[in-house]
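# Structural description and commentary
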Protein chains: 2
Amino acid sequence: MPLDTPKDPAIAEKAARDPENFALANCIRALSIDAVNAANSGHPGAPMGMADAATVLFRNHLKFDASNPDWPDRDRFVLSNGHASMLQYSLLHLTGYADMTLDQLKNFRQWGAITAGHPEYGHAKGIELTTGPLGQGLAMAVGMALAERRLAAEFGDDLVDHHTYVFLGDGCLQEGIGQEAISLAGHLGLGKLIVLYDDNSITIDGPTSVSFSEDVPARLAACGWHVQSCDGHDGRALDAAITAAKAEAGKPSLIAMKTVIGFGSPNKAGTYSVHGAPLGADEAALTKEALGWSAAPFEIPADLAAEWRRIGARGADARTAWEERLVAKSRDVRDEFTRRLSGRLPADYDSVVKTSRDRLFAEPKKAATRKASQMALDPLTEAVPEMIGGSADLTGSNLTRVKAVDSQYSREAPGRYIGYGVREFGMAAALNGIALHGGFIPYGGTFLVFSDYCRNAIRLSALMGIGTIYVMTHDSIGLGEDGPTHQPIEHLASLRAIPGLTVLRPADTVETLEAWDIAIRNRKVPSLLALSRQDVPQLRTQAGDENLTAKGAYIIRQFGEGRDVTLIATGTEVALAVEAAEALHQDGMSIAVVSMPSWELFDAQPLDYRKATLGDAPRIAIEAAGKLGWTRYVASEDDVIGMTGFGASAPIDRLYREFGITSDAIIARAKALAGK
Amino acid sequence: MPLDTPKDPAIAEKAARDPENFALANCIRALSIDAVNAANSGHPGAPMGMADAATVLFRNHLKFDASNPDWPDRDRFVLSNGHASMLQYSLLHLTGYADMTLDQLKNFRQWGAITAGHPEYGHAKGIELTTGPLGQGLAMAVGMALAERRLAAEFGDDLVDHHTYVFLGDGCLQEGIGQEAISLAGHLGLGKLIVLYDDNSITIDGPTSVSFSEDVPARLAACGWHVQSCDGHDGRALDAAITAAKAEAGKPSLIAMKTVIGFGSPNKAGTYSVHGAPLGADEAALTKEALGWSAAPFEIPADLAAEWRRIGARGADARTAWEERLVAKSRDVRDEFTRRLSGRLPADYDSVVKTSRDRLFAEPKKAATRKASQMALDPLTEAVPEMIGGSADLTGSNLTRVKAVDSQYSREAPGRYIGYGVREFGMAAALNGIALHGGFIPYGGTFLVFSDYCRNAIRLSALMGIGTIYVMTHDSIGLGEDGPTHQPIEHLASLRAIPGLTVLRPADTVETLEAWDIAIRNRKVPSLLALSRQDVPQLRTQAGDENLTAKGAYIIRQFGEGRDVTLIATGTEVALAVEAAEALHQDGMSIAVVSMPSWELFDAQPLDYRKATLGDAPRIAIEAAGKLGWTRYVASEDDVIGMTGFGASAPIDRLYREFGITSDAIIARAKALAGK
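It should be emphasised that the depicted structure is a prediction, and the values quoted were computed from it without experimental measurement.

Conventions and cut-offs
Residues numbered from 1 in each chain as written. Chains lettered and ligands numbered in written order. Predicted model: local features only at pLDDT ≥ 70, side-chain atom pairs only at ≥ 80, totals over all residues. Heavy atoms only, no water. Helix = DSSP H or I, 4+ residues; strand = E, 2+ residues; numbered from the N terminus. Rg over C-alpha atoms; globule rule 2.2 N^0.38 Å. Buried < 20%, exposed > 50% of the residue type's maximum accessible area, 1.4 Å probe, protein only. Contact = heavy atoms within 4.5 Å. Areas by Shrake-Rupley, 256 points an atom, 1.4 Å probe, with all protein chains shown as cover. Lys, Arg positive; Asp, Glu negative; His and termini not counted. Charge placed at Lys NZ, Arg CZ, Asp CG, Glu CD. UniProt positions renumbered as here; feature names shortened; annotations may be inferred. Pairing = 2+ DSSP bridges. Right-handed = clockwise from strand over helix to strand, strands pointing away. Least-squares fit on C-alpha atoms with pLDDT ≥ 70 in both. Salt bridge = Lys/Arg side-chain N within 4 Å of Asp/Glu carboxyl O. Expected span 1.5 Å × (residues − 1). Bend = angle between axes of the 7 residues up to and from the residue. pLDDT = per-residue confidence, 0-100. Axes fitted to C-alpha atoms, helices over the stretch in contact; angles between N-to-C directions. Polar contact = N/O pair within 3.5 Å; in protein donor to acceptor, adjacent residues only side chain to side chain. Buried area = accessible area lost by both parts, 1.4 Å probe. Parallel < 35°, antiparallel > 145°, perpendicular 65-115°, else oblique. Left-handed = near helix turned anticlockwise from the far one by under 90°. Nonpolar A, V, L, I, M, F, W, Y, C, P; charged D, E, K, R; others polar.

### A word on the overall build of chain A
Regarding its fold elements, chain A presents 26 helices and 20 strands. For 676 residues, the compact-globule formula gives about 26 Å, and the C-alpha radius of gyration of chain A, at 28 Å, lands near that figure. For chain A, the spread of C-alpha atoms along the principal axes amounts to about 95 × 55 × 45 Å. Counting only residues that meet the buried cut, chain A has 66% of its 676 residues in that class. Across chain A, every contact between residues at least 6 apart in sequence was considered, and the portion connecting residues at least 24 apart equals 78%. Entry remark: accessible area of chain A is about 20300 Å², with carbon and sulfur atoms responsible for 50%. Taking the average place of the 66 positive charges on the side chains of chain A and the average place of its 84 negative ones, the gap between the two points comes to 3 Å.

Here is the structure:
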């Protein structure tokens, strides 16, 4: 193919090291410049700086087949510095992903286009995950790499054997979650995770030296990584580095690429002005001239286009060979592998749930809901081998470890239980990565109060629409003596505020089983289980196959005919509501007690059901948490028996009493509302 | 003094290295064992393991005077692994802090005691900050150390010259925020920050090797730290290490102390069973025997008690000398130093605010509220030298940098503007540390969506009751093309849910100035300003000295007599509400438009004011955010013109239109509610 002749001698010198690679990379640079200019918004600098590395990766290393983007054994490509989205859109377009048309590039950042400001999972094939919130792409990639090793252990390296490649910049390495991911990956020896670091010495506030002066390779080496450095515009050096990284099987790899942000731009390269603003028409023209690029905007010379298409089809043989290997497997293995990747649950799943329910009705149990969760997990994880568990160093508190999910995931043997360490954010993002990889239903535990530490990853689960399961125990002041730093107050409200997340706060053993059933079935919606430290009685004792928790709220007790008052409670406070209702009924009042384990599920019920459940009588809500939002269901926050400030350090009974979350308080309010 | 004779030969060997230190440390161990046993809850392992190091620090190095705990130039002691709280309570009691009585130790973790499960700021003198949420103690300490250097630059090393000592464990080093703090401290060369790392090889889930295998000293060395390792039970080695750390002025110091968790316990030392559970009576007895400790529970032998009291008074001479130096300063310097430390604002503050207001009324300005914020900051920071600014690498977007706050804080010169890097959580915690240190009003910026990344630090500001100021720009879908990952939806609700935080979303230049005025005055309450990327007109044009934003909500426009409908809006949507109200009025309706910049401030107003402001007419709320919580003020979420899901990537006008946040939507709903 004819090669570009850069006008700028410094660029020409770099180009000469691998002229074909340079010419192909210029396609990315040109499209990125044009799309950002067309949108008059976006980030051209990083795509221009990383184009050479991306070309080497896609051209020589990345295992993919653009015409079969869902091939399970493809390498995963993660653009952790998501603002460089035009790099990825250019690559997908050039290599021939069907949905990434030229029109989509021309509509970069416009309403309805799949080419959003940051790559959005679900918008287009080849976008493996949503990135933009820095550090999380890397942490999700750790989950992907971790899932790959586990799936290979289950199905063999001939079916599962792919790399996870990550592009990232300084931001991902400055964010704390980046370090959590780095430390965990090094600990687990994820040798097939390869990170290319765009070390361009520029950050939004100026040169990185304003805030970042550490020795990144040394830091990662200290965390057990294989590290290399190279010129990020030297195609041959990049190729050698990636080859060496692949050869290192026992450690994750970092390739620190010295790059120039906005490479090629005569007046803006190497400055922060090219990070997040269009080049503009004049500078675009000068840049293309400097690069030796003469095609019109959004136009790719035919020979280069053809070469990119060839690259996009490069993996077809490998894919075909893989499919033959799958076909050659025994029927059982093939079916199970296919089932696992499809997200379908095992055929006997329903009966396992039923057996568990029946057992609870046969032998009701008083238990903390975290314990109820462990009881539920025991048979469910036995029946659902794709469930993979873990905790952010609170296993004994979260009770996330059970018999089937007991083998510790280590560098030697990738088991089903992952010790994430004291890394809540890294864990949550890794859970997302595991879910995105496919083949697994991941869950992980921490204290509910530390949902704060991983909140943006929970948000990303919801935004991406994936079925990550968060197990959050110690869900109120009921955790007692550890005090206000460990007692969630505002957390239920703040999690309910996240669109697309199902928050479940079950009241007893049965609701906890039902909550798990919902979470496991929900493969497109994340679930968060808020579970108690303290014991609660089993309130659901009437046998039946219906998952009432799935209705979000239902009448769990009716005292008398009609209603003077409706008590609505969640979790551990349902028992308190029942206790109060019994007393009120003895005083002659009629009461319905509504257990409301999930607002989101209840709000999705038909209006008639919601009206019938909530009733017309005055309502009181009881929840040992902040009151914000409850006015969705009750007339005023005065009708909420809950918390108005932070908790305190003391034994649990004392706390409930001091904060006025008592049956006496419920009774008093109910009588006042009913005028009795 | 008579020294303990340990029964256990391994312990005896350690004790022999510094017998006095060992005997003094046993006082801490004994009290910690007794208090945790009495509470039947708590964490004995870490206090027992770190007692030797704590004794060396308090005995030989820490500059403090227990009878004058507020001495501004005291060294700061930060127990970042807050679950080891009994270590600190024991130290405070032994050294003679007046409020830390023996009864308080006996009431460890009980209602009303100042000895909470984790150290709580404000409970007792000597507790410099609230810790427990891991990693944040270290990050707050970075803020303290940073503040110390800046204050010294302003007032001289003869008035400000103290160290910040941090105790921490593996958890703080695994948390991402720990790395953010480490990286920032190394970058800024905070030489007077000294960290003692309790390297006990034990984590809650078992040996640290289940999840943590990095070379911590090498990681910190890569981040520019001075690192040492030593035996954490060898008094002389610890003393030498702290001495060497103090001698290193240009780098923060890490002392990795190899320790035994639960040191002294024959059956539990070195195991995770001693991390978070009482020893029990039997093991307590065995432990004391092994340590050579024969006093009754909660009893300290008189000679050891006397020696500890001597330690507590050790700094009295230094304090007196410091006071003499302060008195010897010029009146101006002394008054200003005292004022700064007292938290009082400058005498001319009110007039500066008034001048700024008057200027806005004289020349109304259309501006984004982030720009209005910068306009407000210009004169305010000029007048209030204790204001110290920064951003998590979004200076040009947050507009947090102004003329008076322009000098970059660097290792060479501690200026007034801190480049926190892409480290939102580290920044937020550092802001808290600066506020806790005293002498400053810290503010820092990021995008509102990234409040997620630093949420638990915002919570801690509120829990501690300190006046940290968060500047959070790009506060809605109004940020446009960057798309849903960068568009806050649930964030306003989730921040309003935090008890004790004042969330301010001003509507125009005047409200933004007023919001800053509120935030600056609020030295015991944190404030969060949610500011827009896009321009808004100045709606407040009628001159007047009253800060209406301080009322939380007020009628900003009245159209016609009485009300058919009340429109309540915040921030950028107030202008939209006014636009709709004008149209409705032309159609013959009477409308009150309520601007509601702060729910918390409004809810604190007298009932009469609230009723008069909200009125009896049907109400509609308009806010480009999730609807949760608005039913506090309107009848139903159907009456909220807001967002029901995530945003999208597109130009701003298109987004508002597509998501139905338009004056047409307001008009339609108003007519429906008013039956017109």
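### Looking at the UniProt feature "domain: Transketolase-like pyrimidine-binding" (unreviewed entry) in chain A
Here, UniProt's "domain: Transketolase-like pyrimidine-binding" (unreviewed entry) annotation points to residues 367-538 of chain A. With 36% helix and 18% strand, the stretch residues 367-538 of chain A has end C-alpha atoms that lie 8 Å from each other.

### Overview of the pairing of strand β14 (residues 527-530) of chain B
Residues and elements named next belong to chain B. Because side chains alternate across β14, one face comprises the buried residues Ser527 and Leu529, and the other comprises Leu528 and Ala530, equally buried. The pairing of strand β12 (residues 469-473) with β14 spans 4 bridges and is classified as parallel. Pairing of Val471 across the sheet is with Leu529, part of β14. This β-α-β element, strand β13 (residues 502-504) to helix α21 (residues 509-521) to β14, shows right-handed connectivity.

### Description of the relation of the copies chain A and chain B
The two copies are related by a screw motion: chain A maps onto chain B through a turn of 180 degrees and a shift of 0.0 Å along the axis, at an RMSD of 0.0 Å. In short, the pair behaves as if placed about a two-fold rotation axis. When the interface residues of chain A are mapped onto chain B, 99% of them again lie at the interface, so the same face is used by both copies.

### Regarding the pattern of salt bridges
When their charged atoms lie close together, side chains carrying opposite charge are able to pair. All names here are of chain A. A complete count under the given rule lists 99 salt bridges over all chains for this structure. A salt bridge links Asp231 to Lys14; the shortest N-O distance between them is 2.6 Å. Remark: Lys14 occurs in helix α1 (residues 9-15) and Asp231 occurs in strand β6 (residues 226-231); sequence separation between them is 217 residues. For Asp161, the salt bridge identified is with Lys192, shortest N-O distance 2.4 Å. Taken together, the residues Asp161 in the loop between α6 (136-155) and β2 (164-168) and Lys192 in the loop between α8 (176-188) and β3 (193-199) connect sequence positions 31 residues apart. Looking at Lys192, the relative accessible area reads 17%, which means it is buried. Residues joined in a network through salt bridges with shared partners are Glu13, Lys14, Arg17, Asp231 and Asp234.

### Some thoughts on helix α22 (residues 573-586) of chain B
Residue and element names in this part refer to chain B. Taking 1.5 Å per residue, 14 residues should reach 20 Å; α22 reaches 20 Å between its end C-alpha atoms and fits that length. Buried within α22 we find Glu573, Val574, Ala575, Leu576, Ala577, Val578, Ala580, Ala581 and Leu584. Phi turns positive, to about 95 degrees, at Gly588, one or two residues after α22.

### A few points about helix α3 (residues 45-61) of chain A
Residue and element names in this part refer to chain A. The terminal C-alpha atoms of α3 lie 24 Å apart, and with 17 residues this matches the ideal 24 Å at 1.5 Å per residue to within 8%. Of all the bends in α3, the greatest, near 50 degrees, is centred on Ala51. Of all 17 residues in α3, 16 are buried, a share of seventy percent or more.

### So, unusual backbone geometry
Phi angles above zero are rare outside glycine, and Leu399(A) is one such case at about 55 degrees. For Leu399(A), the position within the fold is in the loop between α17 (395-398) and β10 (417-419). Leu399(A) gets classed as buried once you look at its relative accessible area, which sits at 15%. At Phe298(B), a position not held by glycine, the phi torsion is positive, near 60 degrees. Topologically, Phe298(B) is positioned in the loop between α11 (281-291) and α12 (302-313). Using a relative accessible area of 14% as the deciding quantity, one classes Phe298(B) as buried.

### Describing the confidence of the model for chain A
Summing up the model confidence of chain A, the mean pLDDT is 97 and the portion of residues at 70 or higher is 100%. Note on the complex model: pTM 0.98, ipTM 0.98.

### Concerning the side chain of Ser253(A)
With respect to the element layout, Ser253(A) can be found in strand β7 (residues 253-258). Setting aside its immediate chain neighbours within four residues, Ser253(A) contacts Leu193(A), Ile194(A), Val195(A), Trp225(A), His226(A), Ala245(A) and Glu248(A).

### Concerning the sheet that holds β6(A)
Residue and element names in this part refer to chain A. Strands sit in the order β1-β2-β3-β7-β6 across an open sheet of 5 strands; the sheet is parallel. Where the open sheet ends on each side, the last strands, each with one partner, are β1 (76-79) and β6. Going across the sheet, the axis of each strand differs from the next one's by a mean of 15 degrees, ignoring polarity. Bridge count for β1 against β2 is 4 bridges, and the pairing is parallel. For Arg76, the partnering residue across the bridge sits in β2 and is Thr164. The sheet contacts of α3 involve β1, β2, β3 and β7, and relative to β2 the element is tilted by about 165 degrees. Most of the contacts of α6 go to β2, to which it runs at about 175 degrees, and overall it touches β1, β2 and β3.

### Some details on the sheet that holds strand β11 (residues 441-447) of chain A
Residue and element names in this part refer to chain A. Ordered by their spatial adjacency, 6 strands build an open sheet running β10-β9-β11-β12-β14-β13, and the pairing between neighbours is parallel. Here the strands that pair on one side only, and so sit at the sheet edges, are β10 and β13 (502-504). Pairs of neighbouring strands in the sheet enclose a mean axial angle of 20 degrees, with direction left out of account. With 3 bridges connecting them, strand β9 (residues 387-391) and β11 associate as parallel partners. Within β11, the residue paired with Ile388 across the bridge is Pro442. Relative to β11, helix α18 (residues 424-437) is tilted by about 170 degrees, and along the sheet it contacts β9, β10, β11 and β12 (469-473).

### Some details on the side chain of Gln534(B)
All names here are of chain B. Inspection of the secondary structure puts Gln534 in the loop between β14 and β15 (535-536). When its relative accessible area of 13% is taken as the criterion, Gln534 is described as buried. Within the structure, the side chain of Gln534 is placed 3.2 Å from the side chain of Tyr656, a separation counted as a polar contact.

### Side note on the environment of Gln104(B)
Residue and element names in this part refer to chain B. For Gln104, the location among the structural elements is in helix α5 (residues 102-106). We classify Gln104 as buried; its relative accessible area is 18%. Between the C-alpha atom of Gln104 and that of Ile114, which follows or precedes it by 10 residues, the distance is 6.6 Å.

### Some remarks on the interface of chain A and chain B
If you look at the interface, chain A gives 93 residues, while chain B gives 92 residues. Overall, the association of chain A and chain B removes approximately 7600 Å² of surface from exposure, summing both partners, and the carbon and sulfur fraction of that is 55%. Its largest share of buried area at the contact with chain B, chain A owes to Trp111(A), Tyr453(A) and Arg459(A), together 11% of the area lost on that side. Between chain A and chain B we count 8 salt bridges in total. Arg109(A) is the partner of Asp482(B) in a salt bridge, and the nearest nitrogen-oxygen pair spans 2.6 Å.

### Describing the packing of helix α6 (residues 136-155) of chain B against helix α14 (residues 331-342) of chain B
All names here are of chain B. At a minimum axis distance of 11 Å, the contact between α6 and α14 shows a crossing angle of 160 degrees. Comparing their axes, α14 and α6 come out roughly antiparallel. Between α6 and α14 lies a crossing whose hand is right-handed. Across from Leu151, Glu154 and Phe155 in α6, the residues of α14 making contact are Val333, Glu336, Phe337, Arg340 and Leu341. Here the residues of the contact of α6 with α14 are counted per class, giving 5 nonpolar, no polar and 3 charged.

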